[in-house]
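These are the residues of each chain, in order.
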Amino acid sequence: MIDEISQWILSLLIVFPVLAALLILMIPGKDDSRIHRHIAMGATVLELIFSLHLLAHFVPNTAQFQFSQIETWLPKSTGIKYIVGVDGINLILVLLSTIFCAIVMMTTYTSLKTKVKGFLALFLLLESAIIGVFVSVDVVLFYVFWELSLIPVYFMIGIWGGKDRIYATLKLFIYGVIGSLLMLVALIYLYFAHANANGGVYSSNILDLYVTAAALPFNTQMWLFLAVTLAFGIKVPIFPFHTWLPDTYEQAPATYTLMSGVILKLATYGLIRFSLCLFPSAAIYFAKPIMILAVIGILYGALIAWKQTNIRRIMAFSSLSHLGFIVIGIFSLNTIGLQGSLYQMLNHAITAGALFILFNILYERRGSFELDDFGGIAKVLPWYAFFFVIAAMGSVALPSTGSFIGEWLILIGSFQANPVLGSLATLGVIFGAVYILWATYKILFGPLTKEENKKIIGMHKHEVFQLTVLSILIFVLGFASAGILDHTKPTLVNIERSIKNKSAYSSELANTHNGILMPISKFSSEFKQGVK
Amino acid sequence: MNNQIILALIVLFPLIGALLNAFVLRKTSVVVVCLTATLAVAIPFILSLILFFGSITAGTPVITELFDWISVPLINGKEFNISFALTADRLSGLFLLVITGVGTLIHLYSGEYMHHEKNPYRFFVYLNLFIVSMLLLVLGSNMLVTFLGWEGVGVCSYLLIGYWYEDTANSMAAIKAFIANRVGDAGFLIAMFFCYMLFKTINYSELASVIAATPQTFFIDHSIEITLIGLCLLLGVAGKSAQIPLYTWLPDAMAGPTPVSALIHAATMVTSGIYLMNRMSFVLVLSPTVMTTIAIIGAATAILSATIGFAQTDIKKVLAYSTCSQLGYMVLACGVGAFQYGVSHVITHAFFKACLFLGAGSVIHAMHHEQDIRKMGGLFKKMPITSITFIIATLAIIGFPGFSGFFSKDAILAAAWSGPFGNPILWFVGWITAGFTAFYMLRLTWLVFFGQSRAEHPEHIHETNFVITIPLIILAVFSALGGLIAIPEVFTGHEDFITRFLSPVLLQAQDILKSSGIHTNHLSHSMEFGLMAASVAIVFVGAIFAVTVYKNGPQGGERFANAFGGFYRLVRDKWRVDKLYNLIIYQPLAHFGKFLFRIIDRKVIDGVVNGIPETLYTGTSVASDAQSGMARNYLKFIYVGVFVFGLILFL
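Quick notes on the rules
Residues take numbers from 1 onward in each chain, read along the sequence in its written order. Chains and ligands are labelled by the order in which they are written, letters from A for the one and numbers from 1 for the other. Totals for whole chains, interfaces and linings use all residues, but because this is a predicted model, local features are given only for residues with pLDDT of at least 70 and pairs of side-chain atoms are given and counted only at 80 or more. UniProt positions are given in the numbering used here, feature names are shortened, and annotations may be inferred rather than shown by experiment. In this description a helix means any DSSP run of H or I spanning at least four residues, a strand means any run of E spanning at least two, and both kinds are numbered starting from the N terminus. Put simply, the radius of gyration uses C-alpha atoms, and a globule should come to 2.2 Å times the residue count raised to 0.38. Residue pairs are scored as contacts if the distance between their C-beta atoms, which are placed from the backbone, is within 7 Å. Here a residue counts as buried when 20 or more other C-beta atoms fall within 10 Å of its C-beta, as exposed when 12 or fewer do, and as partly exposed in between; the C-beta atoms come from the backbone. Expected helix span is computed as 1.5 Å times (number of residues minus one). Three categories are distinguished: nonpolar for Ala, Val, Leu, Ile, Met, Phe, Trp, Tyr, Cys and Pro, charged for Asp, Glu, Lys and Arg, and polar for the others, with Gly belonging to the last. Axes here refer to lines fitted to C-alpha atoms; in helices the fit is confined to the stretch in contact. Angles between the N-to-C directions go from 0 to 180 degrees. Note on terminology: angles under 35 degrees are roughly parallel, angles over 145 are roughly antiparallel, angles of 65 to 115 are roughly perpendicular, and the others are oblique. Note on definitions: a nonpolar core is a set of buried residues drawn from Ala, Val, Leu, Ile, Met, Phe, Trp, Tyr and Cys, linked by C-beta atoms within 7 Å. An automatic or database domain assignment supplies the start and end points of every domain. On a range of 0 to 100, pLDDT expresses the predictor's confidence in each residue. A pair of strands counts as paired when DSSP detects no fewer than two bridges linking them.

- Looking at an unreviewed UniProt entry, one finds chain B named NADH-quinone oxidoreductase subunit L, with Fluviispira multicolorata as its source organism.

- In the annotation of an unreviewed UniProt entry, chain A is listed under the name NADH-quinone oxidoreductase subunit M and assigned to Fluviispira multicolorata.
- Comment text from UniProt for chain A, heading Sequence similarities (unreviewed entry), reads "Belongs to the complex I subunit 4 family."

What follows is the structure, encoded as structure tokens:
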């Protein structure tokens, strides 16, 4: 029984939200009826429960893909298959997504007022696509989910966004199209290169393509690396490809901004799985310039965030700064840095999510994202101030919060790669504190002068719940990192080894383990006991 | 109960106290909240005593490993492990007693001082959290746990300085303190990363053994990195311990409630830099450049802030600058290689400065939040206990013979002359500063407690109650007698207590100095007595001068001010360092931030992005509306197409 569940669990996680979305579309009802919201909420919670199966039955001390499933969906001769599986790194990202979707869904009870059915369906479709991106082992499948994850976002912003939503969507769309096309070209090239190298046998399994890509001449690798990295780099975003982010954040509906914590991680995940693992030689060659861009992003984002007056724009440049840390950790090309980046992906989603929830609470009550409209809120909403300070601590990456562990590992990892860039990135911790403290002061502290703020209504139950969960997570991740990072160890060591040896990720994997996809039977309990 | 558990409990109690007050007792009375918070520090004090006399003095450090904090595999098959571990050795033990001991008194005192507050639980939660952080700082077995405490005390200090957050000035002072500390913290982080890079560990005991086993040539080859580690640590120290160039936050931090100034900004947090330098002494001494820099920074801070103390009129500001100045002495001690005298001055300073601040608090409390010394005077008769304890503490800080400060400061001055990195110039600066100290402290004491009362309603002023005076009395007793830990050899015939007590901690540093041929120049007894007589003389000169100038009240200072004109104004304006920082750091960065957004982000990068379609347009078409390029229209069509498609699909 467990074996059957394990075999189908990933497909279930992909399909279930779609089914729930269809159900919502079929049930008639007005915008103010709660039934649709209840279904969507229930679906995300169920999805979260399903995903816990992964955590319960994951075998941590191997880099092999687990819960894998291979099905044929296109003609055999194309070599394009439906392959899904998780190893350590996407496991924790899938869990992050399911937890986060459930938390974010609660926001729709108050923030979503119009065209409710459509929005909820899009949101569930987005969840499905996100999980699809994370678990795909076949590059065509990955590409399909990647595109699928972009479409709901265009609609969310285009329909439910602010007054300049069309400009924002257009900008996002142009960037998205450029990125997608670059990626598509690179993947098609690899697909044919594989057939050339293997006597006409096609495959789009990424584990096969790892071998093909690592064998390509350096020049070719270089161009393909640039195409793929640019595609993901736009979406991360890496400086200077970030200007879509402020516009998007400013115009997007609350739910999207909350989800962005996860959506941006699709790209950083792509950097690890594609840029690093496909082209180890090119990754070494380009590591330094990319680290430089990341450091610029860290300092540039933090400095700009400090001088913004609009909360959402502060968050946009703050994200640019924080994602810079993640990128520099990835391109330090060692296990410590990678581990830090992966950990920071969780932490950034959680702290940014908490801050966005806090800002939306103000927006729903006051209709403003301008810092100058607030001040002295701590006096009227003490609990709000409590959660705000915790989220701010998380954002500043103070020790005892998860972000600290993430940033610290990233910095120590990047120091091994390049002490000068590591030192410069460390300066980011100073500027990172400046803008958050400034925003905290402008919102919470100072005299309470505005009449509207004196009458501001308290927090709803679901808001308190969301913030409580996220606050607890912020601290739990600050101390329990050893247990969480255990899951990702083998995969990351394997990545570092493949880069150091400039060899294909999958051949390193095959060297250390029997086979790349772990047979399902291994999840039976007897095996788990025998593993250690 | 075994020692490991006691050590864990010491840290756990204040944490539990904070959680109880934050979530359970928040609505109860100030008495309950204050008692809970005080007990949460008093119990650890008792436990620390048990641990200190039961085990630490006997020479066995107590080590508790709580859990694995971070573990990352390395490609060579090893693991990069950081455990959340606590170590109480002799150095930590001394700090442990000061933190919990002085901490208990100040918690108790706060119960009275903060009793009008509407929600005092918040204050006590922060205080308890501060104690937790401070304990972790001195107990951490590795740099990371220390750093947790290091940043933790910064946060608590930020929250406490900004405790009365409705006042903009307080919030600004809080932000300033946090940022200045954060600059120092970045230094600490970089030092930590370099340590890991060179020695592959950040655990203190491993670091010590790795360095002991490393050949001399390695240090010569990596002298740049070693020096950088030292300088970055010094930056961290400058942040926490308010030294040049980062000291400017401390005087502003006086915006917080007075018990906070006593506990955090005088007795404990600001001394963490001295702790760190002792803990890392074996790294610092590897580079003579670093040691010399530390000594110069210490001496410069001591004299600079003492001069600022001359002209301040806010009772807490005078004490704040005196704290910077005394911290300068401690840093000087570390820099010349007499790390242990830094610690003994930390301890005596904790007593007399806490006593001074709490005394100032008592005065402020009695005068209904008046802090201007020009409006005080004649309080001796009205507040005898506060006055006497304050005067005892003053005698201690100026180094009046026999009082605690006399011994701990003289040990530093002697070391500044004769220590491994000492020289007569450093001694001279320290000596002059001693005179300055006597002057500004006597000026303060005289203006507050003697002469005619200048208050508007002197009849309302009376002695504060016992919750405030008892801590004052206890601290005054220790201020008088605390010098016993540093009574020099010349009086007793054997090495002073602190040197013997801390020798296991500092042994490695001394060995390194010996092996590199740097020795302590032994002072002859007559020389030592000579130095001592010199400092007693300058203290008397400073004190008598102050009393002569101010015997008729603050107007005595005006003649003085007129005589010195420009110099006086410069000192009164704190050497205009704040203005300078504003001009050369804050303003340029603020403008740069705006420039980056308006020009680079909006015009340059976005210009290119939005320009691509427009360039395509001008390149391909001749006449059309310049506002909408062809490519842009094209993309709009795609957009509309996808949009419609989606509408059909989803709605």
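## Comments concerning the overall build of chain B
- Of the regular secondary structure elements, chain B holds 28 helices and 2 strands.
- Relative to the compact-globule value of 26 Å for 651 residues, chain B shows a C-alpha radius of gyration of 28 Å, a close match.
- Each principal axis of the C-alpha distribution contributes one length, and for chain B these read about 95 × 65 × 55 Å.
- Considering only contacts in chain B between residues 6 or more positions apart, those separated by 24 or more positions represent 79%.

## Details of the overall build of chain A
- Scanning chain A for helices and strands turns up 23 helices and 2 strands.
- Here the C-alpha atoms of chain A give a radius of gyration of 22 Å, agreeing with the 24 Å that 2.2 N^0.38 yields for 532 residues.
- Considering only C-alpha atoms, chain A reaches an extent of 75 × 60 × 50 Å along its principal axes.
- Relative to its 532 residues, chain A shows a buried fraction of 63%.
- Considering only residue pairs separated by 6 or more positions, chain A has 80% of its internal contacts joining residues 24 or more positions apart.

## Observations concerning helix α4 (residues 116–135) of chain A
- In this model α4 of chain A runs 29 Å from its N-terminal to its C-terminal C-alpha over 20 residues, within 8% of the 28 Å that 1.5 Å per residue would give.
- Most of α4 of chain A sits inside the fold, with 20 of its 20 residues counted as buried.

## As for the UniProt feature "domain: NADH:quinone oxidoreductase/Mrp antiporter transmembrane" (unreviewed entry) in chain B
- Per the UniProt record, "domain: NADH:quinone oxidoreductase/Mrp antiporter transmembrane" (unreviewed entry) is found at residues 142–435 of chain B.
- When the span residues 142–435 of chain B is considered, its composition is 78% helix and 0% strand, and the gap between its end C-alpha atoms is 40 Å.

## Some details on the interface of chain B and chain A
- Every contact between the two is made by 49 residues of chain B and, on the other side, 57 residues of chain A.
- Mapped by element, the contributors of at least two residues to the side of chain B that touches chain A are β1 (62–73), α5 (143–161), α6 (168–199), α27 (577–620) and α28 (630–650) of chain B.
- Top contributing element to the side of chain B that touches chain A by residue count: α6 of chain B, with 13 residues.
- Counted by class, the side of chain B that touches chain A contains 34 nonpolar, 7 polar and 8 charged residues.

## Comments concerning the packing of helix α3 (residues 88–111) of chain A against helix α13 (residues 335–366) of chain A
All names here are of chain A.
- Two numbers describe how α3 lies on α13: the axes approach to 10 Å, and their chain directions differ by 5°. Of the possible angle classes, the one that applies to α3 and α13 is roughly parallel. Of the residues in α13, those touching α3 at Ile89, Ile92, Leu93, Leu96, Phe100, Thr107, Thr110 and Ser111 are Leu342, Met345, Leu346, Ala349, Gly353, Ile357, Asn360 and Glu364.
- Considered class by class, the residues forming the contact of α3 with α13 number 10 nonpolar, 5 polar and 1 charged.

## Structural notes on the nonpolar core
Residue and element names in this part refer to chain B.
- Membership of the largest hydrophobic core comes to 432 residues, with the highest contact counts inside it found for Leu332 and Ala354.
- Looking at this core, you find at least three residues from each of domain 1 (1–141) and domain 2 (142–572).
- Leave out the neighbours within four places in its chain, and Ala354 touches Val102, Ile106, Ala262, Ala266, Ala267 and Leu475.

## Some points on the confidence of the model for chain B
Residue and element names in this part refer to chain B.
- Per-residue confidence for chain B averages 88 on the pLDDT scale, and 94% of its residues sit at or above 70.
- Looking over chain B, one finds the lowest element-wise mean pLDDT in α28, namely 50, and the highest in helix α12 (residues 272–279), namely 95.
- Across residues 619–631, where pLDDT falls below 50, the model places 12 contacts with residues more than four positions away in sequence or in other chains.
- Residue range residues 647–651 is modelled with pLDDT below 50. Its contacts to residues more than four positions away, or to other chains, number 4 contacts.
- Here the prediction assigns the complex a pTM of 0.92, and the interface score ipTM is 0.91.

## Let's talk about unusual backbone geometry
- In the segment running from Val236 of chain A into Pro237 of chain A, the intervening peptide bond is cis, with an omega of -5°.
- Along the chain, Pro237 of chain A turns up in the loop between α8 (218–235) and α9 (244–251).
- Following Ile244 of chain B, the chain continues into Pro245 of chain B via a peptide bond in cis, with omega recorded as 5°.
- Turning to its location among the elements, Pro245 of chain B is positioned in the loop between α9 (223–240) and α10 (249–252).
- Positive phi is not limited to glycine here, since Ala242 of chain B has a value of about 50°.
- Position of Ala242 of chain B among the secondary structure elements: in the loop between α9 and α10.

## A word on the pairing of strand β2 (residues 79–88) of chain B
Residues and elements named next belong to chain B.
- Relative to β2, β1 runs antiparallel, the two being bridged by 10 bridges. From the neighbouring strand, Thr64 faces β2, where its bridge partner is Leu86.
- Here β1 hands over to β2 after 5 residues, with Gly77 in that stretch at a positive phi of 90°.

## Examining the packing of helix α19 (residues 404–418) of chain B against helix α20 (residues 424–449) of chain B
Residue and element names in this part refer to chain B.
- At a minimum axis distance of 6 Å, the contact between α19 and α20 shows a crossing angle of 155°. With respect to α20, the element α19 is oriented roughly antiparallel. Here α19 contributes Lys409, Ile412, Leu413, Ala416 and Trp417 to the contact with α20, which in turn contributes Pro424, Leu426, Trp427, Gly430, Trp431 and Ala434.

## A few points about the environment of Phe351 of chain B
Residue and element names in this part refer to chain B.
- The residue Phe351 is located in helix α16 (residues 339–366) in this model.
- Distance in space between the C-alpha atoms of Phe351 and Ala267 is 7.3 Å, their sequence separation being 84 residues.
- Non-local contacts of Phe351, meaning those with residues more than four positions away in its chain, are made with Ser404, Leu475, Phe478, Ser479 and Gly482.

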